[in-house]
Protein chains: 2
Amino acid sequence: MQTELSKQLGVEHAVFGFTPFPAVAAAISRAGGFGVLGAVRYTAPDDLARDLDWMQEHVDGRPYGLDVVMPAKKAEAPGNRTLTEADVEAMIPAAHRRFVEDTLTKHGVPSLAEGEASGWRITGWMEQVARGQLDVAFDYPIKLLANALGSPPADVVARAHDKGVLVAALAGSARHARKHADAGIDIVVAQGYEAGGHTGEIASMVLTPEVTDAVAPLPVLAAGGIGSGEQVAAALALGAQGVWLGSVWLTVTEADLHSRALTRKLLAAGSGDTVRSRALTGKPARQLRTEWTDAWDDPQGPGTLPMPLQGLLVAEAVSRIQKYEVEPLLGTPVGQIVGRMNSERSVQGVFDDLTRGFESAVTRLNRIAGRG
Amino acid sequence: MQTELSKQLGVEHAVFGFTPFPAVAAAISRAGGFGVLGAVRYTAPDDLARDLDWMQEHVDGRPYGLDVVMPAKKAEAPGNRTLTEADVEAMIPAAHRRFVEDTLTKHGVPSLAEGEASGWRITGWMEQVARGQLDVAFDYPIKLLANALGSPPADVVARAHDKGVLVAALAGSARHARKHADAGIDIVVAQGYEAGGHTGEIASMVLTPEVTDAVAPLPVLAAGGIGSGEQVAAALALGAQGVWLGSVWLTVTEADLHSRALTRKLLAAGSGDTVRSRALTGKPARQLRTEWTDAWDDPQGPGTLPMPLQGLLVAEAVSRIQKYEVEPLLGTPVGQIVGRMNSERSVQGVFDDLTRGFESAVTRLNRIAGRG
């Protein structure tokens, strides 16, 4: 699975793996793919430095990258002050806070202990936090910087290019992709409707070739619905220079979801058990459908708040649901491919299956084309 | 593009083309594909016989099929009477009828002339009409009978098999596909989220392999998002034995949409200009997004009625919108692939592009696999 892009990056397979877990990202790079560590959860720069140190020791010299969330549009407080978490907190209506508490109470979710911090924070979505992450990351030999929402700011693109780091950005439409290209990025990740996390409405089968044509000659990675080698072959047939996989790593043996109940839910879920909901961040993101997403998507409820308010509003609640493993509410961003995530494999095992499936799909296509 | 299924049916390319236009269906079969004529609009058996006579004269001896809409669950009136169109008419609330008239008035849509019949009828959705179509169709050498909604009734499957006719049925999920397999059908059409017409929520990239595995060894046709040879290659890489294309034929030169304004709208539309709406039939069906679909999908409006009420409710309105080409309301079922339908080609021109794109995708995959 070698394309121009994978050769340029010096990896064996044009398979990019996005994951919040350093152990998974390192294993992806060791297996011949390109591991991309999601940085959104690192609010303290030291924590990110510690995990990048660990990565550096465990990738066997293979290349890897980092994924940040840096909106091009800066949220500003009155008087051009940079918006703080406290500013955002103050914008959340009391009725929405009550709805969170009522929903948790209804499901018997315990409170966190006094002084216990919420593990899941949304502040990684805010530009000043992402910039702190970048100050750390550029001290490491990362080869790719991916931006998950919107085009990265011009100075960040310039700084990355000065360091020889390629810049990627996710897009859910051809228009969105062209904006990224105009911002000077190097790689577009075409994120299809079926993908986990923030998605648009256009499915991969249509989106991948559309984005590929829109930004040519920039390389495109296909994201959304890919978990097997046959799906890798399909994405590459559509013109992608590689694939971007996220969901499939949630159930690998190297992953640490901190909740066996959540792992069990993922292994049991079908492709129809996800929903594109604003419940987690305020923007549509595909995730497991739960009684929590149902509550937010219920027309009788208060509805969700815009980003970044919704994320801040639910951050502690999500931590409590995860900590106490309250099954009906327990969810995670994940794509429709969750229906095929039915066993726990190692990262290497996933790669073995990907290469085998890819080879068999190519053999089959050659037969259909009368070439063998 | 030769699979076991295309060989079995005696066609050159594993490309199945669904269309309401006999001229298009015949041209698909002549071009080496498998033309499938949609029968839903034929309420009079004689009209269907006339068009099948025409097909018979114009397919140059190539095989073709018919698509009917026959719900497995029979709608019954009180007292086990078969439900008539008048029964269904009587179930439509007056407020919904007023909403139709108000919306048409708001957009200045003229009435039909006195005694002028509505061209578009929903009655083809009703079982007794579909059975009338079958009585006609089995007099012709059709090779395939497809059912667009649900599994066909057991006696219909038996009758088709007696005549040597293969039976296909559309499915939007693996569960749905297994039900079809249990009903004894021969081919499953896996209809992805991005497809035009009635669709589920699972996109083709995930649905195709899932359905293929669920009903193996039955052959599966991939539907949804396919308009290029690269997309054919992708669908076949996912395990399909062929592709089922519908939208792409709407803008071929042989098609007769009876409205240049609608053709222009289709040629101009982007992949984001469709919506999965209940406006047309009462079940979610992908179609051009228009002010008509917006009115039905508006939470402030009365909402849609269940099938078959909605279809009967809007039938005359749709005819009026089409006849008078009222652009803001003018729509049609079509998939997200509409974004790539940007020029009028002949059916043969579409096939030339499909084969060229397929060959180039296979060549590219071989290079990526290090085979050439």
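Values in this document were obtained by computation on a predicted structure and should not be read as measured data.

Draft legend 1. The overall build of chain A, seen in detail. Check the secondary structure of chain A and you find 14 helices and eleven strands. A compact globule built from 372 residues would reach a C-alpha radius of gyration of about 21 Å, and chain A, at 20 Å, matches this within 12%. Along the three orthogonal principal directions, the C-alpha set of chain A runs to about 65 × 45 × 40 Å. Relative to its full complement of 372 residues, chain A shows a buried share of 59%. With the model as given, the accessible surface of chain A reaches about 14300 Å², and the carbon-plus-sulfur share is 50%. Charged side chains in chain A number 35 positive and 43 negative. The centres of these two groups are separated by 4 Å.

Draft legend 2. A look at the side chain of S271(B). By secondary structure assignment, the location of S271(B) is in the loop between helix 11 (260-268) and strand 10 (274-277). There is a polar contact of 2.6 Å between the side chain of S271(B) and the side chain of E210(A). Setting aside residues up to four positions removed in sequence, S271(B) forms contacts with I202(A), V206(A), E210(A), Q336(B) and G339(B).

Draft legend 3. Inspection of the relation of the copies chain B and chain A at higher detail. Between the two copies, chain B and chain A, the superposition gives an RMSD of 0.0 Å; the rotation angle is 180° and the shift along the axis is 0.0 Å. Here the symmetry operator amounts to a two-fold rotation axis. In terms of proximity to the rotation axis, the leading residue of chain B is A234(B), whose C-alpha is 1.9 Å off the axis. Most of the interface of chain B is mirrored in chain A, where 100% of its interface residues again form contacts.

Draft legend 4. A look at the domain arrangement of chain A. Residues and elements named next belong to chain A. The domain architecture assigned to chain A consists of domain 1 (4-75 + 126-250 + 362-368) and domain 2 (80-119 + 257-329). Between domain 1 and domain 2, the C-alpha centre-to-centre distance is 26 Å. With 15 residues of domain 1 in contact, the opposing surface of domain 2 contributes 14 residues. With both sides pooled, the region where domain 1 packs onto domain 2 buries about 1200 Å², and carbon together with sulfur makes up 60% of that total. Here domain 1 and domain 2 share one salt bridge between them. Across the pair R276 and E201 runs a salt bridge, and its minimum N-O distance is 3.9 Å.

Draft legend 5. Just the interface of chain B and chain A, in detail. If you look at the interface, chain B gives 44 residues, while chain A gives 44 residues. For the pair chain B and chain A, the summed buried surface comes to about 3800 Å²; carbon and sulfur atoms form 54% of the total. Counting across the chain B and chain A interface gives 26 residue pairs in polar contact (both at pLDDT 80 or more). Broken down by element, the side of chain B that touches chain A gets its largest block of residues, nine residues, from helix 14 (residues 347-368) of chain B. Its residues assigned to classes, the side of chain B that touches chain A shows 21 nonpolar, 14 polar and nine charged.

Draft legend 6. Just the environment of V59(A), in detail. Residues and elements named next belong to chain A. For V59, the location among the structural elements is in the loop between helix 3 (45-58) and strand 3 (64-68). Residues V59 and A25 lie 34 residues apart in sequence; the distance between their C-alpha atoms is 8.5 Å. Filtering out sequence-adjacent residues up to four positions away, V59 remains in contact with A26, S29, R30 and Y64.

Draft legend 7. Inspection of the environment of G224(A) at higher detail. Here G224(A) shows up in the loop between strand 8 (220-223) and helix 10 (229-237). Taking relative accessible area as the criterion, G224(A) reaches 8% and is therefore assigned buried. Excluding residues within four positions of it along the chain, G224(A) makes contact with E194(A), A195(A), S204(A), W244(A) and M205(B).

Draft legend 8. Expanded view of the packing of helix 9 (residues 204-215) of chain A against helix 10 (residues 229-237) of chain B. Running from amino to carboxyl end, helix 9 of chain A crosses helix 10 of chain B at an angle of 140°, the nearest separation of the two axes being 11 Å. In terms of orientation, helix 9 of chain A lies oblique with respect to helix 10 of chain B. When the axes of helix 9 of chain A and helix 10 of chain B are compared, the crossing they make is right-handed. Touching M205(A), V206(A) and P209(A) of helix 9 of chain A are Q231(B), A234(B) and A235(B), all from helix 10 of chain B. When its residues are assigned to classes, the contact of helix 9 of chain A with helix 10 of chain B shows five nonpolar, one polar and no charged.

Analysis parameters
- Residues numbered from 1 in each chain as written.
- Chains lettered and ligands numbered in written order.
- Predicted model: local features only at pLDDT ≥ 70, side-chain atom pairs only at ≥ 80, totals over all residues.
- Heavy atoms only, no water.
- Helix = DSSP H or I, 4+ residues; strand = E, 2+ residues; numbered from the N terminus.
- Rg over C-alpha atoms; globule rule 2.2 N^0.38 Å.
- Buried < 20%, exposed > 50% of the residue type's maximum accessible area, 1.4 Å probe, protein only.
- Areas by Shrake-Rupley, 256 points an atom, 1.4 Å probe, with all protein chains shown as cover.
- Lys, Arg positive; Asp, Glu negative; His and termini not counted.
- Charge placed at Lys NZ, Arg CZ, Asp CG, Glu CD.
- Polar contact = N/O pair within 3.5 Å; in protein donor to acceptor, adjacent residues only side chain to side chain.
- Contact = heavy atoms within 4.5 Å.
- Least-squares fit on C-alpha atoms with pLDDT ≥ 70 in both.
- Domains from an automatic or database assignment.
- Buried area = accessible area lost by both parts, 1.4 Å probe.
- Salt bridge = Lys/Arg side-chain N within 4 Å of Asp/Glu carboxyl O.
- Nonpolar A, V, L, I, M, F, W, Y, C, P; charged D, E, K, R; others polar.
- Axes fitted to C-alpha atoms, helices over the stretch in contact; angles between N-to-C directions.
- Parallel < 35°, antiparallel > 145°, perpendicular 65-115°, else oblique.
- Left-handed = near helix turned anticlockwise from the far one by under 90°.

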